[in-house]
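Per-entry structural report
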Amino acid sequence: MINKFNRIIFLFSLWVTCPGLVLAAPEFKIEIKNHLFFPSELTVPADTKVKLRIFNHDATNEEFESYDMNREKVIMGNSQTVIFIGPLKPGDYEFFGEFYPKTAQGKIHVE
Amino acid sequence: MQKTNDYFKTIIKCIGFGSLILTTNVIADGLTIDKVYHPYVQPLERELEFRWLHYDDDKTNSNHVYRLGIGQSFTTNWFVEAYVISQNNADDSGIEAYELEAKWQLTEQGEYNADWGLLFEIEKETKQSIWEAATTLLIEREWDRLVGTANLALAFETGDNIDTELETSLAMQLRYRYSRALEPALEFYMSENTLGLGPVLMGEQRFETRKKLHWELGIIAGLSDETPDATLRALAEFEF
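Residues numbered from 1 in each chain as written. Chains lettered and ligands numbered in written order. Predicted model: local features only at pLDDT ≥ 70, side-chain atom pairs only at ≥ 80, totals over all residues.

Further remarks concern the overall build of chain B. A count of helical and extended segments in chain B gives 1 helix and 12 strands. Listed by position from the N terminus, the elements making up chain B come as α-β-β-β-β-β-β-β-β-β-β-β-β. Counting over 240 residues, chain B shows a buried share of 28%. Nonlocal contacts in chain B, meaning residues at least 24 apart in sequence, comprise 49% of its contacts between residues at least 6 apart. (Helix = DSSP H or I, 4+ residues; strand = E, 2+ residues; numbered from the N terminus. Buried ≥ 20, exposed ≤ 12 C-beta atoms within 10 Å, placed from the backbone. Contact = placed C-beta atoms within 7 Å.)

See the structure below:
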C-alpha cells in the first residue's frame, strides 16, 4: 500500500518540480492614491499570466485583496510590489483594498 | 535582482530534487495528522491559533490534543509562531510540549508553475527529554478554482528518552475554492505509522479591517492498521 502511494507521490513531485516554461509576463501598472486604485478597471488578456506592479503613493499601508483571483498582498506605504495573476478565463474579477475597502475597489476585465 | 532570482531558482531545484528523494521512502513515528501549511506570508500578519485533534486508540482510548499558538510576521517573507501543546487521555494530561516555528516564503505567488516555501520547527517535550527539529517543504499549485498543496517534512528527533532518528512525513490537500465562506477539501497524510485520507471543510469570516477568522473542520479515515479509524481535527485562526 505504502509503495503504491510512494509512486503516486513521486510522480506528483516530479511533475510539480519540473521547471515550467517561464515566459516574460506582460506588465500592468496600478497606483494607489488617497485610498483609491488608478485605474480602478483594467483589461488584461485571457489565458495569460500577468504581472501587476502596484505603487502605493499613500503614506498608509494597503492590501490588495481578491478572492476571485486568489490573491492578497500588503503594500506598505510609499512603496511598490508585484503581484502575478492568471492565466485567467474571460470575465470580470473584482479586487479591493483591505485597509480601505469602502473606497479602494477595482475590477480586472479579462478578454 | 537577476542574481537573486538565479539564487532562488537554484535553491528550488535543489529542494525539488531533495523532495523527490524524500518521497521515495516516507518514514516517521506516531500520528502525523495535523494541518496542511500553505507557503505564503503576509507582512503585518498577526494571529492567534487554536487546533484540536481527537482520535481513539487501543492503548489510551480517547485522545485529545490541543494546540494554542500566537504568530507574527517579521518581514515580507518570514512568519514566526510559538505554540503550547497539551494532550488529554486516560493515562496523561497537561502541557506536553512547546514549539517554535518559522515559515519562509521562497517565491512570489503565481510567478512560477508552483509556489514554494519552507517551514522550520523546533519542539521540546515537557515531561520527557525529547527534542525534535523539522524542516518542511511547502508546495502549492493552482488549477483555476482547484488548489493543490503538499508538505514534505524531514524531522530529527533526539533526547534521553528517545532513540536519535530521522523521520519523514507527507501531507497533501486538494481544495476547491467554492466561496470565501466555505471551501471543501480532501486531505491525505502519510508517514511510517500514519496513512489517512478524508474530507475537510474550511472557510473564512471577515470582521473589521484586517480582522478575520479562518476555520477548518475535518475527519481523516485511517487507511492502515496503525492509523486510528477516524481522526477529527479542527482549527481556528484569528488574524488581527
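Residue and element names in this part refer to chain B. Inspection of the secondary structure puts K127 in the loop between β5 (115-125) and β6 (131-143). Residue class for K127 comes out exposed when judged on the 12 C-beta atoms lying within 10 Å of it. Sequence separation between K127 and G94 is 33 residues, and the spatial gap between their C-alpha atoms is 9.5 Å.

Right, let's get into the sheet that holds strand β4 (residues 50-56) of chain A. Residue and element names in this part refer to chain A. Taken in spatial order, the 4 strands of this open sheet run β2-β1-β4-β7, and their pairing is mixed. In the strand order of this sheet, the two ends are held by β2 (36-38) and β7 (79-85), each with one partner. Neighbour-to-neighbour, the strand axes of the sheet open up by a mean angle of 25°, direction not taken into account. By the bridge criterion, 7 bridges tie β4 to β7 in an arrangement that is antiparallel. Considered in β7, the bridge of N56 is made with S79. (Pairing = 2+ DSSP bridges. Axes fitted to C-alpha atoms, helices over the stretch in contact; angles between N-to-C directions.)

Before going further, it helps to spend a moment on the environment of K33(A). Residues and elements named next belong to chain A. Tracing the backbone through its elements, the reader meets K33 in strand β1 (residues 27-33). Overall, the presence of 11 C-beta atoms within 10 Å leaves K33 in the exposed class. Sequence-wise, K33 and N78 are 45 residues apart; in three dimensions their C-alpha atoms are separated by 10.0 Å. Beyond its immediate stretch of four places on either side in the chain, K33 contacts F38, H57 and D58.

Let us now look at the sheet that holds strand β3 (residues 78-88) of chain B. The strand order around the closed barrel formed by 12 strands is β1-β2-β3-β4-β5-β6-β7-β8-β9-β10-β11-β12 (chain B), and the pairing between neighbours is antiparallel. Taking each pair of neighbouring strands and ignoring which way they run, the sheet shows an average axis angle of 20°.

All right, on to the nonpolar core then. Judged by nonpolar contacts, the single largest core of 24 residues is most densely connected at I139(B) and Y189(B). In this structure, Y189(B) is in contact with T32(B), I33(B), A171(B), T194(B), G196(B) and I220(B), ignoring residues within four places of it in sequence. (Core = buried A, V, L, I, M, F, W, Y, C linked by C-beta atoms within 7 Å.)

Chain-level statistics for chain A give a pLDDT mean of 87 and a share of 79% at 70 or above. The lowest-confidence element of chain A is helix α1 (residues 2-17) of chain A, averaging 60 in pLDDT; the highest-confidence one is β4(A), averaging 97. (pLDDT = per-residue confidence, 0-100.)

Residue and element names in this part refer to chain B. Sheet topology places strand β1 (residues 46-57) next to strand β2 (residues 61-73); 12 bridges connect them, and they run antiparallel. Looking at the pairing, R51 lines up with R67 of β2. Note: β2 against β3, 10 bridges, orientation antiparallel. Considered in β3, the bridge of Y66 is made with S86. The turn linking β2 back onto β3 is made up of 4 residues.

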